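Overview (structure and organization)
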Amino acid sequence: MAPPFRKRKPQGLSTQQQKKPKQKQRPPQLSNDAPLDISSLYETIVVDFEHRFHSTHAASSSFVSTEQVWNTLGRIHAETNKEGITNEERANATDRFSQASEIFAVLVTRDDRCSLDFVNDASLFSKVTETVLQPMLSNANNDESAGYWYSLSTMVHFCDKVWMQAQTNATLISPDLMLHAGASLAIWYWMPERRRTLELKQRDLEMDYEKAISGLDKDKTPMVIFVVEALLRLLQGNQLKMHGDKMSTTDNDDDDNEDDNDTDEASLHLHQWIFVHRALEILIDVLGITQSQRRVSVYLQSMHFCLQCRLVLGVSTFSKAEENMFLAQQLLERIDKLLKQYPVVHSTSRGHDKQYVSLSSTEQQALYHARASILQKLCHRYYAELVPDLVYAGVGLLCRSSTFVRNALGGLQDSQLLELLHKMRLVDVTTGHSELYSRDFLLSVLEEYIVMPPDAIQQLTSFPLYPTKSILWDPTKIPPSLASMLPASRVLSVPKLSSATFLSFLDYLSRNFELSRLESAYEIRSDLVDAVRRLRPLARQSMLQDDNYNPVTKITTEFTGWAKMALELTAIESDNKIKIIKVAKPLLGQKHPEKVIAEIAIDLKPCSDYLRAEWDALGEHDVIFLLSVDASRMSGMGAPLLSEYHLQHGSHHRWENDKDRRVPDEDDSTFPNRFGVTLVRGCMILQVKDENGNVLSEPGSGAPVGNKRFLRVALDPSQYHADKNSPAGTSMYDSLNLVVRRRGAENNFKAVLETIRGLMIGMGSIDRVVPLWLQKVLLGHDPSAASYKSGILRDHDISATTDMPKAGVQLDFGDTFVSENHLRDSFAGDQVVVDGNGETASQSATESRKNYRIRFSDVDGKRVAHVESYAFPESERGNTVAFTPVQVEAIRSGLSPGLSVVVGPPGTGKTDVAVQIIASLYHSFPTQRTVIITHSNAALNDIFQKVTARGDVDERYLLRLGSGERDLQVDSSHDFTKAGRVAYSLHRRSHLLEQVQQLSESLGLSGRAERGSDGSPSYTCETAAYFYENHIARRIRLFDRQASKLKDTTSDVCSIFPFASYFKLNETSLTVEKATDLFGKLKTLFTELAEYRPLELLRNQRQRTDYLLLHQARVVAMTCTHAAIARSHLLDLGFEYDNVVIEEAGQMTEIETFIPLLLQMGITGHGSSRLKRISFMGDHNQLPPVIKNMTFATYSSLDQSMFSRLIKLGVPHIQLDKQGRARPEIAALYSWRYKNLGNLELVSESEEYRAANAGFVHTFQVINVEDFQGKGESAPTPYFFQNIGEAEYAVALFQYMVLIGYPTESISILTTYNGQRELICDILAQRCGPGTPLAGVRPHAVSTVDQYQGQQNNYIILSLVRTEKIGHLRDIRRLVVAVSRARLGLYVLCRQELFASHYDLRRTFDQFADKPNQLQLLSGEMYPTERKVDDAVDKEQVYQVDDASDLGSVVFQMQEDLLNNQVQE
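Parameters and conventions
- Residues numbered from 1 in each chain as written.
- Predicted model: local features only at pLDDT ≥ 70, side-chain atom pairs only at ≥ 80, totals over all residues.
- Heavy atoms only, no water.
- Helix = DSSP H or I, 4+ residues; strand = E, 2+ residues; numbered from the N terminus.
- Areas by Shrake-Rupley, 256 points an atom, 1.4 Å probe, with all protein chains shown as cover.
- pLDDT = per-residue confidence, 0-100.
- Contact = heavy atoms within 4.5 Å.
- Pairing = 2+ DSSP bridges.
- Axes fitted to C-alpha atoms, helices over the stretch in contact; angles between N-to-C directions.
- Buried < 20%, exposed > 50% of the residue type's maximum accessible area, 1.4 Å probe, protein only.
- Expected span 1.5 Å × (residues − 1).
- Core = buried A, V, L, I, M, F, W, Y, C linked by side-chain atoms within 4.5 Å.
- Phe/Tyr/Trp six-rings, centres within 6.5 Å; stacked < 30°, edge-to-face > 60°.
- Lys NZ or Arg CZ within 6 Å of the ring centre and 35° of its normal.
- Patch = residues over 30% accessible without salt bridge, like charges linked within 9 Å, V, L, I, M, F, W, Y side chains within 5 Å.
- Salt bridge = Lys/Arg side-chain N within 4 Å of Asp/Glu carboxyl O.
- Lys, Arg positive; Asp, Glu negative; His and termini not counted.
- Charge placed at Lys NZ, Arg CZ, Asp CG, Glu CD.
- Left-handed = near helix turned anticlockwise from the far one by under 90°.
- Nonpolar A, V, L, I, M, F, W, Y, C, P; charged D, E, K, R; others polar.
- Parallel < 35°, antiparallel > 145°, perpendicular 65-115°, else oblique.

Another point: the overall build of the protein chain. Of regular secondary structure, the protein chain possesses 53 helices and 31 strands. For the protein chain, the accessible surface area stands at approximately 63700 Å², while carbon and sulfur atoms represent 48% of it.

Of note, the amide linkage connecting Tyr1423 to Pro1424 takes the cis form, showing an omega dihedral of -5 degrees. Within the element layout of this structure, Pro1424 appears in the loop between β30 (1416–1418) and β31 (1438–1440). The backbone phi angle of His621 is positive, close to 80 degrees, even though this residue is not glycine. In this structure, His621 sits in the loop between α24 (609–616) and β6 (623–629). In the Ramachandran plot, Asp835 falls in the positive-phi region, its phi being about 50 degrees despite a non-glycine side chain.

On average, residues of the protein chain carry a pLDDT of 83, and 82% of them reach 70 or more. Confidence over residues 240–266 falls short of pLDDT 50; this stretch has 49 contacts with residues more than four positions distant or in other chains. Every residue in residues 347–356 scores below 50 in pLDDT, and together they form 20 contacts with partners more than four places removed in sequence or on other chains.

Moving on, we get to the sheet that holds strand β10 (residues 811–814). Judged by pairing direction, the sheet is mixed, and its four strands sit side by side in the order β10-β12-β13-β11 without closing on themselves. The sheet is open, and its two edges are formed by β10 and β11 (831–834), each paired on a single side. Here the strands of the sheet are splayed against their neighbours by 25 degrees on average, with no regard to which way each runs. Where β11 and strand β13 (residues 862–871) come together, four bridges link them in parallel fashion. The partner of Val834 across the bridge, within β13, is Val867. Each of β10, β12 (850–859) and β13 touches helix α33 (residues 885–895); the most contacted strand, β10, lies at about 130 degrees to it.

Quick look at the sheet that holds strand β15 (residues 930–934) now. Here we have seven strands laid out as an open sheet, ordered β16-β17-β15-β18-β19-β14-β20, and parallel in their pairing. Looking along the sheet, the strands with just one partner apiece sit at the ends: β16 (958–960) and β20 (1214–1215).

So, on to the environment of Leu420. Relative to the assigned elements, Leu420 resides in helix α19 (residues 414–423). A residue is classified by how much of its surface remains accessible, and Leu420, at 0% relative accessible area, is buried. Considering only alpha carbons, one finds Leu420 and Tyr382, 38 residues apart in sequence, at a separation of 8.7 Å. Leaving out residues up to four positions away in the same chain, Leu420 has contacts with Leu375, Leu378, Cys379, Tyr383, Leu409 and Leu412.

Between its terminal C-alpha atoms helix α48 (residues 1314–1327) stretches 20 Å, which fits the 20 Å expected from 14 residues at 1.5 Å a residue. Listing the buried residues of α48 in full gives Gly1315, Gln1316, Arg1317, Leu1319, Ile1320, Ile1323 and Leu1324. Residues of α48 that are buried sit in contact with β25 (1282–1283), α47 (1284–1299), β26 (1307–1311), β27 (1341–1344), α49 (1345–1348) and β28 (1353–1359).

In this structure, Phe305, Ile335, Leu899, Phe1154 and Leu1157 are the most contacted members of the largest nonpolar core, which totals 172 residues. Of the residues forming this core, the biggest block, 15 residues, is contributed by helix α23 (residues 505–535). Leave out the neighbours within four places in its chain, and Leu899 touches Trp773, Leu774, Val777, Ala786, Ser787, Ser893, Ile1174, Phe1176, Leu1206 and Val1211. Of all hydrophobic cores here, the second largest spans 44 residues; its members include Phe1256, Ile1323, Tyr1387 and Ala1444.

Scanning the model with the defined rule gives 40 aromatic pairs in all. Ring geometry for Phe502 and Tyr508: centres 5.0 Å apart, planes at 90 degrees, overall edge-to-face. Neither residue differs from the other here; Phe502 and Tyr508 are each classed as buried. Ring geometry for Tyr1062 versus Phe1063: centroids 4.9 Å apart, planes at 80 degrees, classification edge-to-face. An aromatic cluster of three or more residues is present, and its members are Phe1039, Phe1057, Phe1059, Tyr1062, Phe1063 and Phe1079. A cation sits over an aromatic face here: Arg1114 above Tyr922, 3.9 Å from the ring centre.

Attention shifts here to helix α35 (residues 937–950). Taking 1.5 Å per residue as the helical rise, α35 with its 14 residues ought to reach 20 Å, and the 20 Å between its terminal C-alpha atoms agrees with that figure. Where α35 is buried, its residues meet α34 (910–924), β15, β16 and β17 (1115–1119). Residue Gly951 follows α35 closely and has a positive phi angle near 80 degrees.

Once that is clear, we can look at a positive patch on the surface. Where like charges cluster on the molecular surface, the positive patch consists of Arg1034, Arg1037, Arg1041 and Lys1045. The residue Arg1041 is located in helix α37 (residues 1021–1044) in this model.

Relative to the helices and strands, Asp812 is located in strand β10. Discounting chain neighbours no more than four positions away, the residues touching Asp812 are Tyr852, Arg853, Tyr870, Leu895, Ser920 and Ser924.

Moving on, we come to the packing of α19 against helix α20 (residues 439–450). In the contact formed by α19 and α20, the axes pass within 10 Å of each other and the chain directions differ by 35 degrees. For α19 against α20, the interelement crossing comes out left-handed. Along the contact surface, α19 presents Asp414, Leu417, Leu418 and Leu421, while α20 presents Arg439, Leu442, Leu443, Val445 and Leu446. Residues that form the contact of α19 with α20 fall into these classes: seven nonpolar, no polar and two charged.

Of the strand pairs in this sheet, β10 and β12 are connected by three bridges, and their pairing is antiparallel. Among the inter-strand pairings, Gly814 is bridged to a residue of β12, identified as Tyr852. Judged from the 10 bridges that link them, β12 and β13 form a sheet pairing that is antiparallel. Its bridge partner being in β13, Ile854 is matched across the sheet by Val867. Hairpin connection of β12 to β13: two residues between the antiparallel strands, including Asp860 at a positive phi of 55 degrees.

A few words on the packing of helix α11 (residues 270–287) against helix α14 (residues 323–341). Helix packing for two helices is described by the angle between their axes and how far apart those axes are. For the pair α11 and α14, the least separation of the axes is 10 Å and the interaxial angle reads 20 degrees. Classed by the angle they form, the pair α11 and α14 counts as roughly parallel. Crossing geometry of α11 relative to α14 is assigned as left-handed. Across the interface between the two elements, Leu270, Trp273, Val276, His277, Leu280, Leu283, Ile284 and Leu287 of α11 pack against Asn324, Met325, Leu327, Ala328, Leu331, Leu332, Arg334, Ile335, Leu338 and Leu339 of α14. Counted by class, the contact of α11 with α14 contains 15 nonpolar, two polar and one charged residues.

Here we take up the environment of Ser990. If you trace the backbone, Ser990 turns up in helix α36 (residues 978–1002). Classification of Ser990 by relative accessible area gives partly exposed; the value is 38%.

With that out of the way, let us pick up the pattern of salt bridges. One pass over the structure, following the stated rule, counts 68 salt bridges. Asp336 serves as the salt-bridge partner of Arg310, at 3.4 Å between the closest nitrogen and oxygen. Pair noted here: Arg310 is in helix α13 (residues 305–313) and Asp336 is in helix α14, with a separation of 26 residues, a long-range link. Residue Arg310 is classed as partly exposed on the basis of its relative accessible area of 24%. Residue Arg1374 pairs with Asp1346 through a salt bridge whose shortest N-O separation is 3.0 Å. One end of the pair, Arg1374, is in helix α50 (residues 1372–1379); the other, Asp1346, is in helix α49, and 28 residues separate them in sequence. Taking relative accessible area as the criterion, Arg1374 reaches 11% and is therefore assigned buried. What emerges from the salt-bridge pattern is a single network uniting Asp530, Arg533, Arg534, Asp665, Glu666, Asp668 and Arg674.

What follows is the structure in structure tokens.
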């Protein structure tokens, strides 16, 4: 049916006539060689800064170069040092320098590419240090203004950022950068001389040191040294105390007459605090990188840095310390932990300067015992009579008790104590400052040196895994997600994953453990806040009478609202809503109970059937949270205003739009007081029963009886032990009155944390499981060590990996190549020798297809492929994809031992490559097991469907684990769940035994009388094995002897063939070759039956599934989430595997990628491992892992995947270079993000792609949507963005496409926000609801861009929602995903002016510029159309849509015509 367009002249057919969006004026382009003044800097950068500040890949340097900025900084700084200028002129110059420094920080620290320029160009960094940094450092003692400290903080942050970026390419690090970052041995020049001499001698580094300091300008202090000295000078000069009321954090930027001398001597102004935080941050960062850690840690220990700072700052406690002070204490504790947990110990072999990191408990104990022994020997030699208790005490006592050490040294005078520490080279009295050493300081130095810190691993074993109220709402532990609520310095006391390298696996795991714990706590807090807020607790007061009839007031908490994820607890006994059933005794060596079991009850009577089913779905191992909500303690206050929060906390910005905004409940630390939340405890479900005591949590349980459910739960033993010893005791559990559940996909935090903790406790297992050739790569120390081309891997000790093939062996590519010509084209640059023929293709067009094995070698510098062909099984479908040469190289990498990293841009077939690798490994290595890991169930199902569709992988060897296993849609009558595999195996066993029964009957060995009463076969797998040995094998041997006597092997042997009756060969001729094939079928039958024999012995369903997992499955698939949950069970079973294929690796966090490598125990013996091949497949240019707390994503880089980190490190990788998904013009919207991404011939020559989009003038178009009824973007709740105009437009466009014949399954509607998705669904329910012409019609998907990653459809309608700010589409990776989902048509609804003016999005939106920004439809055309993309369009048929209302009226008229036609028919 043709659309009834109004007749009017088409508009917008040319770029001259179309309506252009109003473009914002760009700042003027500037010369690269001229320094700028401040006004030019602000005109060039600050004006445009608003649109680029939050961009993930900002490109500010396109407007102004970093070189221009540092030239300006140097010139302004020189003005501040001119002689004869007034104080006012100097203050103005200093203020301008601070402003320019801030701009410099924006250019460098907010732009990874800019900071990377300083790494790649050593001279550029040297110029910055000479022009800006050194003048600033040399003027340190003369300039103590706020502007100076702010400028210095900026430069510290700059050096920190550049050093962190430098780790991605260590070969380009300049000596100047290494010196400033502390990675050079030359920084030891600033150590105390006697300590330096000792350290150099112990490490045998005297010659290296002399070489390092040769040519060193000793008058120029490196940044890391200056930071330490300036920090100590600042803190000790102010003599800060722990009393927060003496701290001044007032931002005095507006005070031109600020003078430090006017402030209290025991206070720091804001910019000094910013410097303190930045200084401690850079020290933490350099201590977390191997290159700088081994130098800086020795220097800091020689300076007793942590001790000096701690004596001034104190230690972090829960006392009311001022916020800046408390943050500094926390940062200092991190430095102290790094110094103690990763001590640098001298090596015993010359020149290696070996660094022993993450010492074991035994090694750490030996280290401190040796130190205590030295102390005892010196005291025995010089002060034996004065300190006899210390001399004759055990070293264990000295290393354990600081009190004993202090008391034992009481016999020494201050001078003698100083002399003792001088002899131990802990202090140096030759400097002439011995009077500065107090006795308390000297004793503290000695304690720090010999008293062993608590074992971090032992502390970890007793650490509660469930977050409590004190953690959930503590802003110092869980930072707010809102950027404007961060501290003034933007420094946080949380670990970072931004460094490309790690000190050790303990360092790697400890960072991930803490960040995972805090991120999960933030997510839990958000869920709890949402549930409590929806329940609306209310205090209800009632008058009762006691036993003496006296009136008693009772206040109870009632919940007046409703929440689908929360229910009120029901009393079990009297008024108790929780009953402690069992408290097991502690295990040996532990203080907390082994386990604590409790029982709670809930009532499902108020729940609907759907909600009741969700609560009944709770089962074993699910985690729930118990809350105590006391409405009588509710403050009744609303969330604080952001403006008040900024004033109270000294935030770095006081945004104008925050005047009337309140702190989001998810980030509000006062939420418990506002809603009366007094207690939060987590627990794990063990069992669920109904009112009749029926266990519902077991598989196969019947329908539940009644409304009540009794949940037996396991509380956290460590938390219970702490609660028991608290003043309130375990009576606090009596106040619990609420249970909150969470979505299963988001509730795996406990399994992840337990896994990480288990790995940290048993660090030795990593060496056994992770191959040595992979360990250095994962830690970032040797990026190319694991590549299949690596010489390190070729020289790897084969015995260190079980069944590791030798380098240069033949690789079985199987059916990778569809023909010999395809094979030769895949190695066009190499010499290819196929079965001895190295010239041309020997395979004729009519010859059957073959499989190939290839061995590669180098002959005279040229690679030669020695190819051996073998028969392709005609009965199998096999591979049908003609892989490109780059895809073939990726397959070769996946088949070769080592690490394969494959970057797959959208539509380049990385899933097909993964499937081919899996199938080839299956056929090439029958004794090996391959594990498939993906991030989403959809991707895992996609891989599994393609594997099964090949037809050459036996179903019985496939197993799918996890909650999404039942969503698997394959062409099979069996499911691939564990239970489904058992059912399939039992069914297959029955079928094969029937064949055995028929075989026996054909031989006259049994008859129908031997069958069961139901006609079932009389054989079992065991008796079938006896039958084969006694009857079948004997007859085969007899036939072989008779056939060997025949002179003509082609003669008919049917007369002597023993199984002619079974195979029904009575009237058929039979050759020896055919008989041999039939014998093979019989052997296969009995061989398969032998695999099912254990199922006859195992009667328990779980035992059977575990058996299939361990002994039969060769391809095991699961998500990374399920891998973390199932790891402990897999280890208990003794699960083993040889190969890992990880798809969607770019969407997994570091730890989600690491855990699947450790699903087995490994082989006893250091360095031995079973893993042979690890394949990572993903795309780091698409969306990263989803992290809900944006602070963790931006500051800690928790959203960095291992895949992207390895790419940054320079790990050899293969990028697929041909896309076959989208039309070339649509692919051009995102192909610029990839290097040399081209198109397959398919997308240019196929009829599907050559055909135009029916009813549309253009195949892709940006449609500018103005305010609808005066309204643009809106947010009913925070971050729940909607746009009614775009939603109406999207639904109307979908209706139009359906009405002209488009299949609904070929259309998807995508948006960038959940709020818009909900709005579109609501409008669809109205426009296509009951009673409408399109009732029940829905698109294939209505989804967010993030959720749709990894999927595609022919036609995409995309709504970008925002009209005021870019929002999270500023991340170019999200835009790449958004525009790469469409194959044939893409229609983008947005405010074009907003998005087209953003720098990072411009490369994509510029490609829409040659098309009108109003939708152009083609009248009278129905789907499908014969019109081609290149055909000219009749202008008279073009209809240009004004807005959503216009399109809506068109759709309405089309529906009216449809109804009229139906009535007439």
